[in-house]
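# A structural walkthrough
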Amino acid sequence: MAKQSILGRISQLLKANINSLLDSAEDPQLMLDQLVRDYTNSIADAESAVAQTIGNLRLMEQDHTEDMNAAADWGRKALAASAKADELRAGGNSADADKFDNLAKVAIGRQVSSENEARTAEPTIASQTQVVNQLKSGLDGMRAKLSELTAKRDELVARSKTVEAQSQVHDALKSIDLLDPTSDLGRFEDKIRREEAKVLGQQELAASSLDAQFEGLEDLGKQTEIEARLAALKAGGTQALTAGE
């Protein structure tokens with residue numbers, strides 16, 4: 001029953017469809033991690049059970065070998081006792097000859113018993129050998145499935161990291177598009193241009209004020225000349241006017 005349970009468990013695990021399990025999983029990576037743990041634990045349990053089964057088979061094989069060796073040994077003893085009986089009987093010692101014949105019969109009985117025990121064990125040994133071969137094959141399949149699971153998990157983890165990196169880059173690009181640093185530069189440039197224009201305006205305003213001051217000085221000079229000529233006119237008449245020219 002225990003062996004059938006082991007075989008059934010191994011068979012069930014081997015029939016598991018990894019892709020269908022992943023398709024139905026909410027988190028495939030967690031599912032694969034759990035499957036890897038389950039397979040690792042199941043393989044360890046199966047290895048222990050298979051080792052015990054193999055050990056039992058080897059004990060039966062040893063017992064079978066011992067029975068066969070015992071049968072052969074009893075056969076040799078029976079032959080020796082029978083030969084001794086024939087020798088004694090040929091020498092006229094029938095009483096001792098009968099004793100050795102009886103010993104030969106006992107040896108033959110032990111030989112038959114050992115042969116029967118060996119023969120009885122042979123079907124069980126054959127059956128257990130088949131079971132052990134199935135268990136070994138199942139274990140090999142489980143180890144291959146575990147390698148497949150591990151590779152699938154590693155692939156999924158790598159793909160997940162790649163997707164995460166791509167998502168981060170995409171988010172970064174989206175944030176750049178939303179912020180539009182070129183528009184910020186444009187606004188900053190406009191601000192600088194306005195400041196520059198303001199400075200130019202201030203410079204121009206300052207320059208126009210200075211020109212006005214110089215124009216005022218020129219007007220004052222003309223007025224002074226006019227006043228001087230008027231005074232000269234009053235003092236000297238036409239002569240003073242022409243002299244001023």
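In short, a report on the structure. (Residues numbered from 1 in each chain as written. Predicted model: local features only at pLDDT ≥ 70, side-chain atom pairs only at ≥ 80, totals over all residues. Heavy atoms only, no water.)

Helices and strands together make up the secondary structure of the protein, namely 6 helices and 0 strands. Listing each helix as α and each strand as β along the protein from the N terminus yields α-α-α-α-α-α. A burial count over the protein gives 18% of its 245 residues as buried. Sequence separation of at least 24 residues holds for 76% of the intrachain contacts in the protein that already meet a minimum separation of 6. (Helix = DSSP H or I, 4+ residues; strand = E, 2+ residues; numbered from the N terminus. Buried < 20%, exposed > 50% of the residue type's maximum accessible area, 1.4 Å probe, protein only. Contact = heavy atoms within 4.5 Å.)

Another point: the side chain of Ser-114. Relative to the elements of secondary structure, Ser-114 occurs in helix α4 (residues 94-179). We classify Ser-114 as buried; its relative accessible area is 9%.

On to the nonpolar core. Counting residues in hydrophobic clusters, the biggest one holds 9 residues: Ala-46, Val-50, Ile-54, Leu-57, Ile-125, Val-131, Val-132, Leu-135 and Leu-139. For this core, the elements supplying multiple residues, two or more each, are α3 (28-90) and α4. At 5 residues, the largest contribution of residues to this core is made by α4. (Core = buried A, V, L, I, M, F, W, Y, C linked by side-chain atoms within 4.5 Å.)

Attention shifts here to the pattern of salt bridges. Throughout the structure, instances matching the rule amount to 8 salt bridges. Among the salt bridges present, the one from Asp-96 reaches Lys-99, with a minimum N-O distance of 4.0 Å. Placement of the pair is Asp-96 and Lys-99 together in helix α4, with a separation of 3 residues, close to one helical turn. For Asp-96, a relative accessible area of 28% puts it in the partly exposed group. Of the charged contacts, one joins Arg-143 and Asp-140 as a salt bridge, the two residues approaching to 3.2 Å between their closest N and O atoms. Taken as a pair, Arg-143 and Asp-140 lie in helix α4 at a separation of 3 residues, close to a single helical turn. (Salt bridge = Lys/Arg side-chain N within 4 Å of Asp/Glu carboxyl O.)

Glancing now at a negative patch on the surface. Taken together, the side chains of Glu-189, Asp-190, Glu-195 and Glu-196 make up a negatively charged region of the molecular surface. For Asp-190, a relative accessible area of 35% gives the class partly exposed. (Patch = residues over 30% accessible without salt bridge, like charges linked within 9 Å, V, L, I, M, F, W, Y side chains within 5 Å. Areas by Shrake-Rupley, 256 points an atom, 1.4 Å probe, with all protein chains shown as cover. Lys, Arg positive; Asp, Glu negative; His and termini not counted. Charge placed at Lys NZ, Arg CZ, Asp CG, Glu CD.)

Turning to the packing of aromatic side chains, a few remarks are in order. Within the structure shown, the criterion is met by 0 aromatic pairs. The ring of Trp-74 carries the charged tip of Lys-77 above its face, separated from the ring centre by 4.5 Å. (Phe/Tyr/Trp six-rings, centres within 6.5 Å; stacked < 30°, edge-to-face > 60°. Lys NZ or Arg CZ within 6 Å of the ring centre and 35° of its normal.)

This part is about the environment of Ala-81. Structurally, the position occupied by Ala-81 is in helix α3. Given a relative accessible area of 9%, Ala-81 falls into the buried group. As for Ala-81 and Lys-99, which are separated by 18 residues in sequence, their C-alpha atoms are 8.9 Å apart. For Ala-81, the contacting residues outside a window of four places in its chain are Phe-100, Leu-103 and Ala-104.

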